[in-house]
Amino acid sequence: VNIDKTTTRRAPDDAGLCGAAEALVRRQGPRMLASVDRLKENPVAIVAAGLACAVSSPAIFRGLKLTATFVKRLTGSRQARIDAYNALHEEEDASKRNADYQALVDSYYDLATTFYEWGWGSCFHFADRRGAESFSQSLARHEYYLASRLAVSSGARVLDCGCGVGGPARNIARFTRAEVTGITLNQFQVDRANALSQQEKVDHLVNVVQGDFMALPFEDDSFDAVYAIEATCHAPDRAKCYAEILRVLKPGGFFACYEWCLTDAYDPDSARHRKLKKDIEVGDGLPDLVHTSVCSAALADAGFALVETRDCALDGGLDGGEPWYTPLTPSWNPLKWPRFQFNPIMFYLMPKILKAAEFLRLVPDGTAKTQVMLQAGGIGCADGGVTGAFTPMWLMVGQKPLRR
C-alpha cells in the first residue's frame, strides 16, 4: 500500500530513547543504576525483566488477554467454512454471489467475527480520528453522530440493520435511552451480542434477533427509527433492502446509514482500482461493491424522501486527527494493533504462525486461510482510502413520507 506521508509518524530514534532512559535512571539514584548494571551481566535476568514489564504493561497485558480469548473462541466448525466461502468469490461475475448472498454473508461472519473482536473490538466499523481521540472514542463519536440524525428520544423503538455483535446498538441505546432491536443473519453473532449486552447490563435496552434484512421479520410501521452502519453493503439488491426498511419504519420516521461505496475517483480501467475492489469484496463478504450514486438512487426508488447524502470520509483528519484507513496501514510498533500485522515482516509471518498453530492443534484448520482473506480485505480498504476510490461512510439520511 502506498501511504501518504502526511498520515505517517516517524518513530523516535533508538539512540535517543536509550539516552533518555539512561538519564532517567541516573536521576533515580545509584541503587537503580546498580540494578541495571547487574541486569547487563545476566542475560536471563534481562529476558525475565522484559517479560515482567510486558505482562505488567496494561496495553500488552490486555493484548495477551484478548489473544487468549480469541484462541479459546475459535471453533473448527466455523473456520472450516473458508474453502466454500472462497469458492463463491472465484467468479468475476457477481450474479451467483448475489443469488447465494445468505450463504456468503453467513459463512463470512462465521469466519470473521472472532477475528474482528480480537483485532478491532465489538464495533465493526471505521471512523476517522479527530484531535486526541482514542480509537474507541472515535468509533463511539461516529455512532453518536448517526444516532443524532434519527430524531429519537428515550423509549423510542429503534432497529439496527446488520448489527454484528451489537457494539453500536449498546452505545446508541446508552446515548439515546431508546430500545434498540438488532438483526443479523448470523446466529453466532446473535448469541454473542446478547451475551455481551447481558454482561454490560444493557439487555433491558438491547435485544438482537436472527433474521434477514431483505425480508425483515417485523410488522409494518414497527419502529420509530432505523439505522445501519456499514451493513447493507451485504445486500444483493439495495432498493429491495431499503424498501423493507421503509416498510417497518413508522410514517415520518428517519433511516440513517453509512454505506460502503465506490466513489467518483474509482476508475474501472485501472488495474489497481479493480484489484482493491475485488480485495474488498473477498475480504469483507460483499456480493458486489457499487457506486455512491447507485445507493442514493436505490434509497429514493424505495420510497424515501432524501434528506442528505454525502461522503463523511471527506471530514477525516479534522483537528489534527487521522483518516479512517490509518488502522489498516503498516506500523512497526507492536502496540499499534491491527497496524502491526500489516508491516512486511508480520504480513509474511502471521499466516505461517497460524499454520503452525493449526498443526499443533492450538487453533482449528482454516484459521490461517481466514486470516489471509481478512488481511486482503484490509489492504484493499486501505488502498481504497489512499486512492480515494472507496468510502466506508457514504452517509444517507432518508425520511418515510407521512400518509395522507
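Here is what the cut-offs are and how they apply
Every chain's residues receive numbers from 1 upward, in the order its sequence appears when written. The model is predicted, so local features are restricted to residues of pLDDT at least 70 and side-chain atom pairs to those at 80 or more, both for listing and for counting; the totals for chains, interfaces and linings are taken over all residues. Excluded from the side-chain calculations are hydrogens and water; all other atoms, namely the structure's heavy atoms, are used. Where helices and strands are cited, they refer to DSSP runs of H or I of at least four residues and of E of at least two residues respectively, numbered from the N terminus. Exposure categories follow from relative accessible area, calculated using a 1.4 Å probe and restricted to protein chains: below 20% of the type maximum is buried, above 50% is exposed, and the middle band is partly exposed. Here a residue-residue contact requires only that any non-hydrogen atoms of the pair lie within 4.5 Å. The accessible surface values rely on the Shrake-Rupley method and a 1.4 Å probe; as for residues, cover is taken only from the protein chains in view. Every axis corresponds to a line fitted to the C-alpha atoms, with the helix fit spanning only the stretch in contact, and the corresponding angles, defined between N-to-C directions, vary from 0 to 180 degrees. Oblique is the label for every angle not falling under 35 degrees (roughly parallel), over 145 degrees (roughly antiparallel), or within 65 to 115 degrees (roughly perpendicular). Three classes are used, and their members are as follows: Ala, Val, Leu, Ile, Met, Phe, Trp, Tyr, Cys and Pro are nonpolar, Asp, Glu, Lys and Arg are charged, and the others, Gly among them, are polar. Each residue carries a pLDDT value, the predictor's own confidence for that position, ranging from 0 to 100. For two strands to count as paired, DSSP must find a minimum of two bridges between them. When the strands point away from the viewer, a crossover counts as right-handed if the path from the first strand over the helix to the second runs clockwise. Disulfides are defined as pairs of cysteine sulfur atoms found within 2.5 Å of each other. Each patch is assembled from residues with relative accessible area greater than 30% and no salt bridge, linking like charges that lie within 9 Å and nonpolar side chains (Val, Leu, Ile, Met, Phe, Trp, Tyr) that lie within 5 Å. One side-chain nitrogen of Lys or Arg within 4 Å of one carboxyl oxygen of Asp or Glu is enough to make a salt bridge. Positive: Lys, Arg. Negative: Asp, Glu. His and the chain ends are not part of the count. Counted as a polar contact is a pair of N or O atoms within 3.5 Å, where, for protein atoms, one must be capable of donating a hydrogen and the other of accepting one, and residues adjacent in sequence contribute only when both atoms are in side chains. Classification of ring pairs rests on two measures: the distance between centres of Phe, Tyr or Trp rings, Trp counted by its six-membered ring, which must be within 6.5 Å, and the angle between planes, read as stacked under 30 degrees, edge-to-face over 60 and tilted in between. Charge-over-ring placement is defined geometrically: NZ (Lys) or CZ (Arg) within 6 Å of the ring centre, and within 35 degrees of the ring normal. Nonpolar cores are built from buried Ala, Val, Leu, Ile, Met, Phe, Trp, Tyr and Cys residues. Side-chain atoms within 4.5 Å join them into one set.

### Comments concerning the overall build of the protein chain
No. 1: Counting its secondary structure elements, the protein chain contains 16 helices and seven strands.
No. 2: Taken across its 404 residues, the protein chain has 49% of its residues classed as buried.
No. 3: Across the protein chain, the fraction of contacts at a sequence separation of at least 24, relative to all contacts at a separation of at least 6, is 75%.
No. 4: Carbon and sulfur atoms form 58% of the exposed surface of the protein chain, whose accessible area is close to 19,400 Å².

### Brief notes about the packing of helix α8 (residues 101-119) against helix α16 (residues 367-387)
No. 1: α16 packs onto α8 with a crossing angle of 80 degrees between their chain directions and a minimal axis gap of 10 Å. Classed by the angle they form, the pair α8 and α16 counts as roughly perpendicular. Of α16, the residues touching α8 (which contributes Y108, L111, A112, F115 and Y116) are T367, T370, Q371, M373 and L374.
No. 2: Broken down by class, the residue content of the contact of α8 with α16 amounts to seven nonpolar, three polar and no charged.

### Some details on the confidence of the model for the protein chain
No. 1: Of the residues in the protein chain, 79% have a pLDDT of 70 or more, and the chain-wide mean is 83.
No. 2: Note on residues 1-33: pLDDT under 50 across the span, and 18 contacts to partners over four residues away in sequence or across chains.

### Concerning the pairing of strand β5 (residues 249-262)
No. 1: The buried fraction of β5 amounts to 12 of the 14 residues, a majority that puts the element mostly inside the structure.
No. 2: Where strand β4 (residues 223-229) and β5 come together, six bridges link them in parallel fashion. If you follow I229 over to β5, its bridge partner there is Y258.
No. 3: In terms of handedness, the path from β4 via helix α12 (residues 238-248) over to β5 forms a crossover that is right-handed.

### With respect to the environment of C312
No. 1: Looking at the secondary structure, you find C312 in the loop between β6 (305-311) and α15 (344-359).
No. 2: With 79 residues separating them in the primary sequence, C312 and T391 have C-alpha atoms 8.3 Å apart.
No. 3: Setting aside residues up to four positions removed in sequence, C312 forms contacts with Y258, M393 and L395.

### Here we look at helix α10 (residues 167-176)
No. 1: Extensive coverage of α10 is indicated by the burial of eight of its 10 residues.
No. 2: Within the sequence span of α10, burial applies to G167, P168, A169, R170, N171, I172, A173 and T176.
No. 3: Structurally, α10 contributes buried residues whose contacts are with α9 (135-148), β1 (157-161), β2 (179-184), α11 (187-199), β3 (206-210) and β4.

### A few points about the state of the cysteines
No. 1: Overall, the coordinates contain zero disulfides when judged by the stated rule.
No. 2: The thiol of C257 is unpaired, and the distance to the nearest cysteine sulfur, on C295, comes to 7.5 Å.

### Quick notes on a nonpolar patch on the surface
No. 1: Residues W332, I345, Y348, L349 and I353 make up a contiguous nonpolar surface patch of roughly 550 Å² in combined accessible area.
No. 2: Along the polypeptide, I345 turns up in helix α15.

### Quick word on the sheet that holds β4
The strands making up a sheet are joined through hydrogen bonds of the backbone, oriented either antiparallel or parallel.
No. 1: Pairing in this open sheet of seven strands is mixed, and the strands run β3-β2-β1-β4-β5-β7-β6 from one edge to the other. Sheet topology places β3 and β6 at the edges, where each strand pairs with a single neighbour. The mean inter-strand angle of the sheet, taken between neighbouring strand axes irrespective of direction, is 20 degrees.
No. 2: Note: β1 against β2, five bridges, orientation parallel. Residue pairing across strands places C161 opposite I183, the latter belonging to β2.
No. 3: Along the sheet, helix α14 (residues 292-301) contacts β5, β6 and β7 (390-399); its crossing angle with β7, the most-contacted strand, is approximately 15 degrees.

### Some details on the side chain of E230
No. 1: Relative to the elements of secondary structure, E230 occurs in the loop between β4 and α12.
No. 2: The side chain of E230 sits in the buried core without any salt bridge; R141 is the nearest counter-charge, 11 Å away.
No. 3: Polar contacts involving the side chain of E230 include one to the main-chain amide nitrogen of F126, which spans 2.9 Å.
No. 4: In this structure the side chain of E230 is engaged in a polar contact, spanning 2.8 Å, whose partner is the side chain of W260.
No. 5: With residues up to four places along the chain from it excluded, the contact list for E230 reads F124, H125, F126, Y258, W260 and P392.

### Description of the packing of aromatic side chains
No. 1: Considering all chains together, one arrives at 16 aromatic pairs under this definition.
No. 2: Ring plane angle 35 degrees and centroid distance 5.7 Å describe the contact between F255 and F304, whose orientation is recorded as tilted. Remark: F304 occurs in the loop between α14 and β6 and F255 occurs in strand β5; sequence separation between them is 49 residues.
No. 3: On the basis of an interplanar angle of 90 degrees and a centroid distance of 5.5 Å, the ring pair of W324 and Y325 is categorised as edge-to-face. One exposure class covers both W324 and Y325, and it is buried.
No. 4: Seen from the ring of F223, R157 lies directly overhead, with NZ or CZ sitting 4.6 Å from the centre.

### A closer look at the nonpolar core
No. 1: In this structure, F126, Y227, W260, I280 and C381 are the most contacted members of the largest nonpolar core, which totals 44 residues.
No. 2: At the level of secondary structure, the elements contributing two or more residues to this core comprise α9, α10, β4, β5, α13 (271-284), α16 and β7.
No. 3: Per-element accounting of this core gives the leading share, five residues, to β5.
No. 4: Not counting residues within four places of it along the chain, the set of residues in contact with C381 comprises F126, W260, I280, D284, W324, L328 and F390.
No. 5: Among the nonpolar cores identified, the runner-up in size contains 29 residues, and Y101, C161, F218 and A302 belong to it.

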